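Per-entry structural report
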Amino acid sequence: GQQVMQIPQYQHVQEGEDFTTYCNSSTTLSNIQWYKQRPGGHPVFLIQLVKSGEVKKQKRLTFQFGEAKKNSSLHITATQTTDVGTYFCASRTGANNLFFGTGTRLTVIP
Amino acid sequence: SAVISQKPSRDICQRGTSLTIQCQVDSQVTMMFWYRQQPGQSLTLIATANQGSEATYESGFVIDKFPISRPNLTFSTLTVSNMSPEDSSIYLCSVLGHLSNYGYTFGSGTRLTVV
């Protein structure tokens, strides 16, 4: 199956600091999706990117898809305590199967 | 997007027994997916359940251990058979969202502990 690694595995930030998680694939991806899973919750879809070099923003969140479509990043500006959770990148195959990256667990210290 | 009702939300089971997890979707969907999330880990796809055909299992998962039913376009079950403590995980079902939103919607999960 696809191997999608995320770094860092864990990140602690002070509230108001920025946060970035990186997603790296060994193969070219046709798309990348991002999900947020709150502690004790289930993954919730954030966004999908499909174009090389694509950048999308959602309020304080900025998502990028690399030019080679092998990596992606999620950047959160001025973190808030509500940003706490685990952020997963994932990629959907042609058979519509969704494979997840390893995840980055974000802790925000008030 | 679809709304999924998954149950039970949690259970504690004896080793050697089986547990059946149910997912009900509020709309008809072609494909339903079952995932396992071991403690502190990412989600791993177990199988894809299509109505009217056998489920398709990912490498490392077999039908005898994780039989799946898909009797109609809004419902599916996953059974965890002959459980051992290593099966302690969160199990989640998922469906693909509407074409205008390519995200997947997940059930709230079943937290299984095998003792």
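Here we summarise the structure given alongside this text. (Residues numbered from 1 in each chain as written. Chains lettered and ligands numbered in written order. Predicted model: local features only at pLDDT ≥ 70, side-chain atom pairs only at ≥ 80, totals over all residues. Heavy atoms only, no water.)

A count of helices and strands for chain B gives 0 helices and 11 strands. Taken from the N to the C terminus, the helices and strands of chain B come in the order β-β-β-β-β-β-β-β-β-β-β. Against the 2.2 N^0.38 benchmark of 13 Å for 115 residues, chain B shows a C-alpha radius of gyration of 13 Å, consistent with a compact globule. Projecting the C-alpha coordinates of chain B onto the three principal axes gives extents of approximately 45 × 30 × 25 Å. Expressed as a percentage of its 115 residues, the buried residues of chain B come to 51%. In chain B, the share of contacts with a sequence separation of at least 24, taken over all contacts with a separation of at least 6, comes to 52%. Of the roughly 5500 Å² that chain B leaves accessible, carbon and sulfur atoms contribute 49%. (Helix = DSSP H or I, 4+ residues; strand = E, 2+ residues; numbered from the N terminus. Rg over C-alpha atoms; globule rule 2.2 N^0.38 Å. Buried < 20%, exposed > 50% of the residue type's maximum accessible area, 1.4 Å probe, protein only. Contact = heavy atoms within 4.5 Å. Areas by Shrake-Rupley, 256 points an atom, 1.4 Å probe, with all protein chains shown as cover.)

Now for the interface of chain A and chain B. At the interface, 19 residues of chain A touch 21 residues of chain B. Across the interface of chain A and chain B, roughly 1500 Å² is buried in total on both sides, 56% from carbon and sulfur atoms. The three residues of chain A that bury the most area against chain B are H42(A), N96(A) and F100(A), which together make up 27% of that side's buried surface. At the boundary of chain A and chain B, one finds 0 salt bridges. Among the secondary structure elements, those contributing two or more residues to the side of chain A that touches chain B are strand 4 (32-37), strand 5 (44-49), strand 9 (85-92) and strand 10 (98-100) of chain A. Grouping the constituent residues of the side of chain A that touches chain B by class yields 8 nonpolar, 9 polar and 2 charged. (Buried area = accessible area lost by both parts, 1.4 Å probe. Salt bridge = Lys/Arg side-chain N within 4 Å of Asp/Glu carboxyl O. Nonpolar A, V, L, I, M, F, W, Y, C, P; charged D, E, K, R; others polar.)

Our next topic: the sheet that holds strand 1 (residues 4-7) of chain A. Residues and elements named next belong to chain A. Pairing is antiparallel in the open sheet, where 5 strands are placed in the order 1-3-8-7-6. Only two strands of the sheet have a single partner each, and these edge strands are strand 1 and strand 6 (55-58). Neighbouring strand axes in the sheet, compared pairwise and without regard to direction, differ in orientation by 15° on average. Sheet topology note: the strand 7 (residues 61-65)/strand 8 (residues 71-76) ladder contains 5 bridges and is antiparallel. Considered in strand 8, the bridge of F63 is made with L74. (Pairing = 2+ DSSP bridges. Axes fitted to C-alpha atoms, helices over the stretch in contact; angles between N-to-C directions.)

What follows deals with the state of the cysteines. Two cysteines whose sulfur atoms are joined by a covalent bond form what is called a disulfide. Residue and element names in this part refer to chain A. Scanning the model with the defined rule gives 2 disulfides over all chains in all. Paired by a disulfide, C23 and C89 hold their sulfur atoms 2.0 Å apart. Disulfide C23-C89: torsion about the S-S bond near 75°, hence right-handed. A residue pair is termed long-range when its members are at least 10 positions apart, and C23 in strand 3 (residues 19-25) and C89 in strand 9 qualify at 66 residues. (Disulfide = S-S within 2.5 Å.)

Of note, the bond from I7(A) into P8(A) is cis; its omega dihedral lies within 30 degrees of zero at -5°. As for its placement among the helices and strands, P8(A) is situated in the loop between strand 1 and strand 2 (10-14). Omega for the bond connecting K7(B) with P8(B) falls within 30 degrees of zero, at 0°, which places this linkage in the cis form. Mapped onto the fold, P8(B) is located in the loop between strand 1 (4-7) and strand 2 (10-13). Unusually for a residue other than glycine, K69(A) sits at a positive phi of about 55°. Inspection of the secondary structure puts K69(A) in the loop between strand 7 and strand 8. At N82(B), a residue that is not glycine, the phi angle is positive and equals roughly 45°.

With that settled, consider the environment of I68(B). Residue and element names in this part refer to chain B. Checked against the element boundaries, I68 lands in strand 7 (residues 68-72). Look at I68 and you get buried, because its relative accessible area is 19%. For the pair formed by I68 and E58, sequence separation is 10 residues and the distance between their alpha carbons is 13 Å. The residues touching I68, leaving out its near neighbours within four places in the chain, are W34, A47, A49, A55, Y57, S76, T77 and L78.

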